[in-house]
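Here is how the chains run, residue by residue.
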Amino acid sequence: PTGGGGAIIQIKQAVFTGTQTHTSGTWTDITDLSVTLTPHYTDSKLWITGSVVMCGYSDAGPKIRIDVNGTNNSTGSVGAAAGSRTPVHTGFSYYYIDNTTGTGDTYTTFAFPISWIHSPNSTSAQTVKLQQANIDTSSVTQYINRSQQDNNAVWGARAMSSLTVAKISGGS
């Protein structure tokens, strides 16, 4: 494009249709949700969008963050640090339902949206990936693209998660 920036010049998408579980508070890559693009100019931008479907289950803290070339919290894609709170892009602060019936929220899934404009200030390749963690001391398992019960029934669902990265031309 000529006459200024802002045009989308390339789009790549990663889709994860399988399932993944995670228990610990350690950040881990979400399977298949990684895209690499190389900016044309130092003032090019990357528009990062997507959605991750998760079941946090009761007494969990499911969190998602964007990682670009191994950098996460310092990229500006997370909330501000405040006390002991974990800076994340999206997720539940804490998810708890009184589970007195024995089933509680085991059939529930939530779609967590992803949206951020990254300014790499570089013409080097940028690898964007989504990561998850269960930031809670309960060690409850969280699930991606399925519920905790994962019932094999017509009312049971399996979802998909995606990551889309668009390369935006620079202003020069």
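As a reminder, the structure under discussion sits directly above these lines.
Residues numbered from 1 in each chain as written. Predicted model: local features only at pLDDT ≥ 70, side-chain atom pairs only at ≥ 80, totals over all residues. Heavy atoms only, no water.

K.L.:
Describe the sheet that holds strand β5 (residues 62-68), naming the residues involved and giving the relevant values.
P.N.:
Strand order in the open sheet formed by 4 strands is β3-β8-β5-β6, and the pairing between neighbours is antiparallel. Two strands in the sheet have a free side with no partner beyond their single neighbour: β3 (28-37) and β6 (90-91). As judged from the 7 bridges shared by β5 and strand β8 (residues 126-134), these two strands associate in the antiparallel manner. By the bridge assignment, R65 is partnered in β8 with Q131. (Pairing = 2+ DSSP bridges. Helix = DSSP H or I, 4+ residues; strand = E, 2+ residues; numbered from the N terminus.)

K.L.:
Which residues make up the pairing of strand β10 (residues 161-168), and what values go with them?
P.N.:
Extensive coverage of β10 is indicated by the burial of 8 of its 8 residues. By the alternation rule, side chains of β10 split into S161, L163, V165 and K167 and S162, T164, A166 and I168, which are all buried. Pairing analysis gives 8 bridges linking strand β1 (residues 8-16) to β10, with the strands arranged antiparallel. Bridge pairing in β10 links Q13 to T164. Here strand β4 (residues 45-55) runs beside β10; their pairing, made up of 7 bridges, is antiparallel. Directly across from K45, in β10, lies its bridge partner I168. (Buried < 20%, exposed > 50% of the residue type's maximum accessible area, 1.4 Å probe, protein only.)

K.L.:
Can you tell me about the pattern of salt bridges, naming the residues and giving the values?
P.N.:
Pairs can form between side chains of opposite charge whenever their charged atoms are close. The full count for this structure, using the stated rule, is 3 salt bridges. D29 is the partner of K129 in a salt bridge, and the nearest nitrogen-oxygen pair spans 3.3 Å. Taken together, the residues K129 in strand β8 and D29 in strand β3 connect sequence positions 100 residues apart. Its salt-bridge partner being R158, residue D150 comes within 2.6 Å of it at the nearest N-O pair. Residue classification places R158 among the exposed positions, given a relative accessible area of 54%. One salt-bridge network, held together by shared partners, links R146, D150 and R158. (Salt bridge = Lys/Arg side-chain N within 4 Å of Asp/Glu carboxyl O.)

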